[in-house]
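Structural description and commentary
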Amino acid sequence: MVSQITRGIKISVLTSFEGTYFKNYKIHFAFSYQITIENYSKDSVQLTSRHWEIFDSLNNIEIVDGEGIIGKKPVLKPGELHTYSSGCLLSSPYGAMKGYFNMINFTSTKNFKVFVPTFKLCAPFALN
């Protein structure tokens, strides 16, 4: 698990290899990740959008931007947390992701970024 705190918001990531799949006559490696967002600040905040950079060992880079996370824009009061799971497909058995969440602070009404630390995506057999 990797974790990082930005402006009082802690992001923790846990990953898992889910198996291989064929898509468009090509093998893909499926990974899931669970993200926990914890509000250690004194203000209520809301996640409004996300930005991901997804890398694989074949030097493919995919950029993903979108509203919220899995169709939600969670509000976290001080001391609250939100956990969700998602996933991605890679063209190789080894890769990584990093990114950030755009958030709004309800007290100051200012937008800010909360960084998601780089996390590795690795099929167990790729370590041999």
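Here is a short report on the structure shown in this document. Quantities reported herein were computed from a predicted structural model and do not represent experimental measurements. (Residues numbered from 1 in each chain as written. Predicted model: local features only at pLDDT ≥ 70, side-chain atom pairs only at ≥ 80, totals over all residues. Heavy atoms only, no water.)

1. Here's the deal with the nonpolar core
The nonpolar side chains of soluble globular proteins are, as a tendency, buried together. We count it as follows: Each nonpolar core is a collection of buried residues, namely Ala, Val, Leu, Ile, Met, Phe, Trp, Tyr and Cys, held together in the definition by side-chain atoms within 4.5 Å. When a residue's accessible area, from a 1.4 Å probe over protein chains only, is under 20% of the maximum for its type it is buried; when over 50% it is exposed; and in between it is partly exposed. Helix and strand definitions here come from DSSP, where helices need a minimum of 4 consecutive H or I residues and strands a minimum of 2 consecutive E residues; each element is numbered from the N-terminal end. In this description, contact between two residues means that some pair of their heavy atoms is separated by no more than 4.5 Å.
Ile 11, Ile 35, Ile 37, Trp 52 and Phe 101 are the most contacted members of the largest nonpolar core, which has 25 residues in total. Of all the elements in the fold, those that place two or more residues in this core are strand S2 (9-23), strand S3 (26-39), strand S4 (45-56), strand S7 (81-90), strand S8 (94-105) and strand S9 (111-122). Those residues within four positions of Ile 11 in sequence are excluded, and the remaining contacts are Val 2, Ser 3, Gln 4, Ile 35, Thr 36, Ile 37, Phe 101, Val 114, Phe 115, Val 116 and Pro 117.

2. Topic: the sheet that holds S7
Under the convention used in this document: Note: two strands are recorded as paired if DSSP finds a minimum of 2 bridges between them. Note on geometry: axes are lines fitted to C-alpha atoms, helical ones only across the stretch in contact, with angles between N-to-C directions running from 0 to 180 degrees.
Taken in spatial order, the four strands line up as S1-S2-S3-S7 in an open sheet, and their pairing is antiparallel. Edge positions in the sheet fall to strand S1 (2-6) and S7, since each of these pairs with one other strand and no more. When the angles between neighbouring strand axes are averaged without regard to direction, this sheet yields 25°. Where S2 and S3 come together, 14 bridges link them in antiparallel fashion. Within the sheet, the bridge partner assigned to Lys 23 lies in S3 and is Lys 26.

3. Some remarks on unusual backbone geometry
Its identity as a non-glycine residue notwithstanding, Arg 7 has a phi of 50°, on the positive side. Although it is not a glycine, Asn 24 sits at a positive phi angle of roughly 55°. Topologically, Asn 24 is positioned in the loop between S2 and S3.

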